[in-house]
Amino acid sequence: MEIRRFKESDASAVSELIRTTIQISNKKDYPADLMDALIQTETPEHVMGRASWTHFYVVEDEGKIIGCGAIGPYWDKQDESSLFTIFVHPDFQGKGIGRLIMDTLEKDEYALRAKRIEIPASITGLPFYQKMGYSFKNGITEIDAEHLYRLEKFRKTIFRVMTIDDYDKVYALWMSCKNMGFNNLDDSREGIEKYLKRNPSTCFIAEQGDAVVGVILSGHDGRRGFIHHMAVSESCRRQGIASVLLDRAMDALKNEGINKVALLVFNRNEAGNAFWERQGFTARDDVRYRNKAIAEMIRIDT
């Protein structure tokens, strides 16, 4: 069994999955004529349309699509997202597939950048989504004109691409973390702005409210990827923030065709070295790192 992104060739199978699930599962909670009308709309073309503006996933087992789900922006907002089209074939319900779909959607880029995620929930799906931490939007517990509940979940931490406007907060975070190394040129506002212009989609921050609580710089030279200055606020550690930041950076580098990533960690940074070891970054003893300054710079160690 695997969960993967939707392909155009999946459209007919996904349409059949949705129609079957509505016919068997949702008809228990809704008038038959309402569900029959809904079934007529769930064509392969309708599925393709939904997949064109969302990140659409399918669960496949032995060549058969048995589940699906999508996430996209909530009315084009950058900091709010919505879940759509979550269905599990009746023969496979109660086996953790729905949770797998939800976990995948909540790790998607649209979810990670969102302060709030909304889902239009059927009567059938309501108990499941409540177990997943979603509650009634604005406290409204009645179904709406579309015969759906509106549920929502607020995220404590959001993840997004770093911009130069984040510099002051990011620099303050760096200075608060021990065992890191900086300099007055490369890590100045001008230096970081140059790095972000060269790597506009591979550097990320984590925010809680107005505070930047995590950051990772990553970029590449067309051949190798490099990670620099990853940091998480001491008060926010052990929340999985570093792992999510790393995943975002690694995915971004992979999308740009990079096959290998390197980084530097001070020997004295025991916590940092332990983290990178857990993440699969191996230390090499067959090479010696060398560098040479082209311009004079002042070193800043924390």
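Analysis parameters
Residues numbered from 1 in each chain as written. Predicted model: local features only at pLDDT ≥ 70, side-chain atom pairs only at ≥ 80, totals over all residues. Heavy atoms only, no water. Helix = DSSP H or I, 4+ residues; strand = E, 2+ residues; numbered from the N terminus. Buried < 20%, exposed > 50% of the residue type's maximum accessible area, 1.4 Å probe, protein only. Contact = heavy atoms within 4.5 Å. Pairing = 2+ DSSP bridges. Axes fitted to C-alpha atoms, helices over the stretch in contact; angles between N-to-C directions. Arc of directions from axis to C-beta. Parallel < 35°, antiparallel > 145°, perpendicular 65-115°, else oblique. Nonpolar A, V, L, I, M, F, W, Y, C, P; charged D, E, K, R; others polar. Expected span 1.5 Å × (residues − 1). Phe/Tyr/Trp six-rings, centres within 6.5 Å; stacked < 30°, edge-to-face > 60°. Lys NZ or Arg CZ within 6 Å of the ring centre and 35° of its normal. Salt bridge = Lys/Arg side-chain N within 4 Å of Asp/Glu carboxyl O.

(A) Expanded view of the overall build of the protein chain. When its secondary structure is counted, the protein chain shows 10 helices and 14 strands. With respect to the three principal axes, the spread of C-alpha positions in the protein chain is 75 × 40 × 30 Å. The burial tally for the protein chain puts 45% of its 302 residues in the buried class. Of the contacts made within the protein chain by residues no fewer than 6 positions apart, 66% connect residues no fewer than 24 positions apart.

(B) Inspection of the sheet that holds strand β3 (residues 64-73) at higher detail. Read across the open sheet, the 7 strands follow the order β1-β2-β3-β4-β5-β7-β6; overall the sheet is mixed. Either end of the sheet is taken by a strand with one partner, and the two such strands are β1 (2-5) and β6 (135-136). The pairing of β6 with strand β7 (residues 149-154) spans 2 bridges and is antiparallel. Paired with Ser135 across the strands is Glu152, a residue of β7.

(C) Broad picture of the sheet that holds strand β11 (residues 211-220). An order of β8-β10-β11-β12-β13 is seen for the 5 strands of this open sheet, with the pairing classed as mixed. Edge positions in the sheet fall to β8 (158-161) and β13 (261-263), since each has one partner strand and no second. Averaged over all adjacent pairs, the angle separating strand axes in this sheet is 25°, with direction ignored. Relative to strand β10 (residues 204-208), β8 runs antiparallel, the two sharing 4 bridges. Considered in β10, the bridge of Arg160 is made with Ile205. On the sheet, helix α9 (residues 241-255) packs against β8, β10, β11, β12 (225-232) and β13 and is oriented at approximately 30° with respect to β11.

(D) Region of interest: helix α7 (residues 167-176). Along α7, the residues that are buried comprise Tyr167, Val170, Leu173 and Trp174. Seen end-on, α7 carries its buried residues on one side only, within an arc spanning 125°. Residues of α7 that are buried make contact with β9 (181-183), α8 (189-198), β10, β11 and β12.

(E) Just the packing of helix α1 (residues 11-24) against helix α2 (residues 32-41), in detail. The N-to-C vectors of α1 and α2 enclose an angle of 175°; their axes lie 9 Å apart at closest approach. The pairing of α1 with α2 is recorded here as roughly antiparallel in orientation. Judged by residue contacts, Arg19, Ile22 and Gln23 of α1 engage Met35, Asp36, Leu38, Ile39 and Gln40 from α2. Across the contact of α1 with α2, the residue classes tally to 4 nonpolar, 2 polar and 2 charged.

(F) Region of the structure containing α1. With 14 residues, α1 extends 20 Å between its outermost C-alpha atoms, agreeing within 8% with the 20 Å of an ideal straight helix rising 1.5 Å per residue. Taken together, the buried positions of α1 are Ala11, Val14, Ser15, Leu17, Ile18, Thr20, Thr21 and Ile22.

(G) Spatial organisation of the packing of aromatic side chains. What the rule picks out here adds up to 8 aromatic pairs. Arranged with centres 5.1 Å apart and planes meeting at 75°, the rings of Trp276 and Phe281 form a pair that is edge-to-face. With respect to burial, Trp276 and Phe281 carry one shared label: buried. Aromatic rings pair up to connect Phe275, Trp276 and Phe281 into one cluster. The side chain of Arg116 reaches across the aromatic face of Tyr74, ending 4.8 Å from its centre.

(H) Structural view of the pattern of salt bridges. Counting across every chain of the model gives 17 salt bridges. Between Asp286 and Arg284 there is a salt bridge, and its shortest N-O distance comes to 3.0 Å. Both residues of the pair, Asp286 and Arg284, belong to the exposed class. Sharing partners across several salt bridges, the network here consists of Lys77, Glu80, Arg116, Glu118, Lys137 and Glu152.

Purely spatial values, then, with no claim about function.
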